[in-house]
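These are the residues of each chain, in order.
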Amino acid sequence: MNDSLLDQALLECRYGVVELREGSARRAFEARLGVLERATWTLPLEPAAPEQVLRLVRAVLDLRDEIDGARRHAWTLDADASGS
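Since we're looking at a predicted model, the values are computed, not measured.

So, how was this worked out
- Residues numbered from 1 in each chain as written.
- Predicted model: local features only at pLDDT ≥ 70, side-chain atom pairs only at ≥ 80, totals over all residues.
- Heavy atoms only, no water.
- Salt bridge = Lys/Arg side-chain N within 4 Å of Asp/Glu carboxyl O.
- Helix = DSSP H or I, 4+ residues; strand = E, 2+ residues; numbered from the N terminus.
- Buried < 20%, exposed > 50% of the residue type's maximum accessible area, 1.4 Å probe, protein only.
- Contact = heavy atoms within 4.5 Å.
- pLDDT = per-residue confidence, 0-100.
- Core = buried A, V, L, I, M, F, W, Y, C linked by side-chain atoms within 4.5 Å.

## Some details on the pattern of salt bridges
A complete count under the given rule lists nine salt bridges for this structure. Residue R71 pairs with D68 through a salt bridge whose shortest N-O separation is 3.9 Å. Of this pair, R71 and D68 both sit in helix α3 (residues 50-83), three residues apart, which is roughly one turn of that helix. R71 sits in the buried class, given a relative accessible area of 17%. What emerges from the salt-bridge pattern is a single network uniting E19, D68, R71 and R72.

Pasting the structure below:
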């Protein structure tokens, strides 16, 4: 995975977090995203071992999937509430 794909995954996380309702879950996702973004900024500053880059990529992709799951769950709740 190159930097552009990592950047794209981070951008998907950022957009996904924005679409979540305000609350503790959103703040937790924002905090994790901030930590991962800062970690990616340091990659060019220090030579990173391939294992470090792989762990970072996995963490970003896991976060992206969790945010997507939270968004889908929120949409399901909204649909259920509007249908009742």
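There is more to say after this.
## Section: the side chain of E37
Its location among the elements puts E37 in helix α2 (residues 24-42). For E37, a relative accessible area of 17% translates into the label buried. Excluding residues that lie within four positions of it along the chain, E37 makes contacts with L10 and R14.

## A closer look at the environment of V18
For V18, the location among the structural elements is in helix α1 (residues 3-19). Take V18: its relative accessible area is 49%, and that puts it in the partly exposed class. For the pair V18 and E30, spaced twelve residues apart in sequence, the C-alpha to C-alpha distance is 8.9 Å.

## Regarding the confidence of the model for the protein
Of the residues in the protein, 86% reach a pLDDT of 70 or more, and the chain-wide mean stands at 87. Confidence, expressed as mean pLDDT per element, reaches its minimum in the protein at α3 with 85 and its maximum at α2 with 94.

## Quick notes on the nonpolar core
Counting 15 residues, the largest nonpolar core has L6, V60, L63 and I67 as the members making the most contacts within it. Sequence-distant contacts of V60, defined by excluding residues within four places in its chain, comprise L6, A9, L10, C13 and L36.

## Things to note about the environment of A48
Looking at the element boundaries, A48 is found in the loop between α2 and α3. On the basis of relative accessible area, A48 is assigned to the partly exposed category, the value being 33%. For A48, the residues in contact, after removing those within four places along its chain, are L43 and V53.

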